[in-house]
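Secondary and tertiary structure notes
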Amino acid sequence: MTKIASEDNSSGKEMPLIAHIRELRSVLIRCICAVIACAIPCGVYWKEIFDAIVEHTLKLCESQSVHIIYTAPAETVMLSVKIALICGLILASPIVFQQIWGFISPALYKKEKILVLPTAIASTICFLAGVVFSSYTLPFVLQFLTEFAAGGLDPFFRVDEYLGFLVKIALSFGIAFQLPVIVFVLSKIGLIDHKFLIRYFRYAIVLIFIVAAILTPPDIFSQLLLGTPLLVLYAFSILISFFARKK
């Protein structure tokens, strides 16, 4: 049977490929159950959550008379489900990251397995920090986009597209803020070091803005709002790698 060399060096055994697939399935099931469990209470208060999101994100766009509309009878029903699942994912993020890093742990040496719990906690903190950070940049993005055609067009946003826009930005920042955690783990196990990150800094700049262009709306302002924090995180990751490097 085909096997993957999973370096659980405490036993020196390899895990069969089918065992990896079964474990991945179990991880996915646990993550989905955690998200659904956290989504249920969010679904009860979806209207209050949505009102708070709209009030916060549009507070800088009041002068533009932005209107949120829906154009299909069942659109608000789907909106409640999406808000519940998105908020459920955010609330369940500690469990999700613990499951992800727990799935990776068999590939680590025994002494490296102690990093799993701290890394899961750090991933959760960084993810939530990215989501919170995005909530303070989104009003500026919306203000820029609505003022671009100020005086000529009135902004009427479909609720489904508006929510999708917010979620895309928030998740992009949440994922981007994982960079220091990933660099810490890779440095700790000796795959990279601070010299590697410094050597490829110029390539990282190009890659960062390519990723920012893919994850954000097609305007320079949004790309800069994501690309600039990523550059700062990359510089911070060099410092992390220096202290976390394998001796």
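Reading the values: rules and limits
Residues numbered from 1 in each chain as written. Predicted model: local features only at pLDDT ≥ 70, side-chain atom pairs only at ≥ 80, totals over all residues. Heavy atoms only, no water. pLDDT = per-residue confidence, 0-100. Helix = DSSP H or I, 4+ residues; strand = E, 2+ residues; numbered from the N terminus. Contact = heavy atoms within 4.5 Å. Phe/Tyr/Trp six-rings, centres within 6.5 Å; stacked < 30°, edge-to-face > 60°. Buried < 20%, exposed > 50% of the residue type's maximum accessible area, 1.4 Å probe, protein only. Salt bridge = Lys/Arg side-chain N within 4 Å of Asp/Glu carboxyl O.

1. Notes on the confidence of the model for the protein chain
Averaged over all residues, the pLDDT of the protein chain equals 81, while 85% of them reach at least 70. Per-residue pLDDT, averaged within each element of the protein chain, yields its smallest value for strand β1 (residues 3–8) (42) and its largest for helix α3 (residues 75–91) (91). Taken together, the stretch residues 1–12 has pLDDT below 50 and engages in 28 contacts with residues farther than four places along the chain or on a different chain.

2. Digging into the packing of aromatic side chains
Under the counting rule described, the total for this entry stands at 9 aromatic pairs. For the pair phenylalanine 173 and phenylalanine 177, a centre-to-centre distance of 6.5 Å together with 50 degrees between the ring planes defines the contact as tilted. Exposure remark for phenylalanine 177: the relative accessible area of 13% places this residue in the buried category. Judged by centre distance (5.2 Å) and plane angle (80 degrees), the rings of phenylalanine 242 and phenylalanine 243 are edge-to-face. When its relative accessible area of 34% is taken as the criterion, phenylalanine 242 is described as partly exposed. Cluster of aromatic residues (ring-pair linked, three or more members): Phe133, Phe173 and Phe177.

3. Some details on the pattern of salt bridges
By the definition in use, this model includes 5 salt bridges. Residue arginine 30 is joined to glutamate 23 by a salt bridge in which the shortest nitrogen-to-oxygen separation is 3.4 Å. Owing to a relative accessible area of 32%, glutamate 23 belongs among the partly exposed residues under this scheme. In this structure, arginine 158 engages glutamate 75 in a salt bridge whose closest nitrogen and oxygen atoms are separated by 3.0 Å.

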